[in-house]
Amino acid sequence: MNHRISCSEMVLRLDDFVDRALSPADLELVEEHLLECARCAEKFRFESSLTASLKDRLSRIAAPEGLLQS
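Going along each chain's sequence as written, the residues are numbered from 1 onward. Totals for whole chains, interfaces and linings use all residues, but because this is a predicted model, local features are given only for residues with pLDDT of at least 70 and pairs of side-chain atoms are given and counted only at 80 or more. Calculated side-chain values reflect all of the structure's heavy atoms, with hydrogen atoms and water omitted.

## Details of helix H2 (residues 24-36)
- Note on conventions: DSSP H or I runs of at least 4 residues are helices, E runs of at least 2 residues are strands, and numbering of each starts at the N terminus. Expected span, for any helix, means 1.5 Å times one less than how many residues it has. A rise of 1.5 Å per residue sets the reference length of H2, with its 13 residues, at 18 Å; its end C-alpha atoms lie 19 Å apart and thus fit the reference within 8%.
- Each residue gets one of three labels from its accessible area relative to the maximum for its type: buried under 20%, exposed over 50%, partly exposed in between, using a 1.4 Å probe on protein chains only. Listed in full, the buried residues belonging to H2 are Leu-29, Val-30, His-33 and Leu-34. For H2, the angular spread of buried residues about the axis comes to 135°, placing them on one side. Pointing more than 90 degrees away from the buried face of H2 are the exposed residues Pro-24, Ala-25, Glu-28 and Leu-35. Directions from the helix axis toward the C-beta atoms define the arc.

Structure representation (structure tokens):
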């Protein structure tokens, strides 16, 4: 049985897909949709690039002293 998702459902799953926080079944649905839909694939590339850029920049910022102390 094929359970394709719509673009609106894809957008709702995009953040979790980028973070690899989806179930294996949802991950497969999103990957399939991205192969078939150029518009959503572009959204994914943008979000993925933005997330990577933010992670890179944040990794170069020194945490304030005492931040990790309870």
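So, next bit.
## Things to note about the packing of H2 against helix H3 (residues 38-59)
- Geometry is summarised by axes, namely lines fitted to C-alpha atoms with helices restricted to the contacting stretch, and by angles between N-to-C directions that run from 0 to 180 degrees. Direction vectors running N to C along H2 and H3 enclose 115°, while the axes themselves pass 6 Å from each other. Comparing the axis directions of H2 and H3 gives the class roughly perpendicular. Remark: the crossing between H2 and H3 carries left-handed chirality. Two secondary-structure elements touch here, H2 through His-33, Leu-34 and Glu-36 and H3 through Ala-38, Cys-40, Ala-41 and Phe-44.
- Of the residues contributing to the contact of H2 with H3, the split by class is five nonpolar, one polar and one charged. Angles are sorted into four bins: roughly parallel if under 35 degrees, roughly antiparallel if over 145, roughly perpendicular if 65 to 115, and oblique for all others. Crossings are sorted by hand: turned counterclockwise from the far helix by less than a right angle, the near helix makes the crossing left-handed, and turned clockwise it makes it right-handed. Any two residues whose heavy atoms approach within 4.5 Å at even a single point are treated as in contact. Under the grouping applied here, Gly and all other residues not named as nonpolar or charged are polar, the nonpolar ones being Ala, Val, Leu, Ile, Met, Phe, Trp, Tyr, Cys and Pro and the charged ones Asp, Glu, Lys and Arg.

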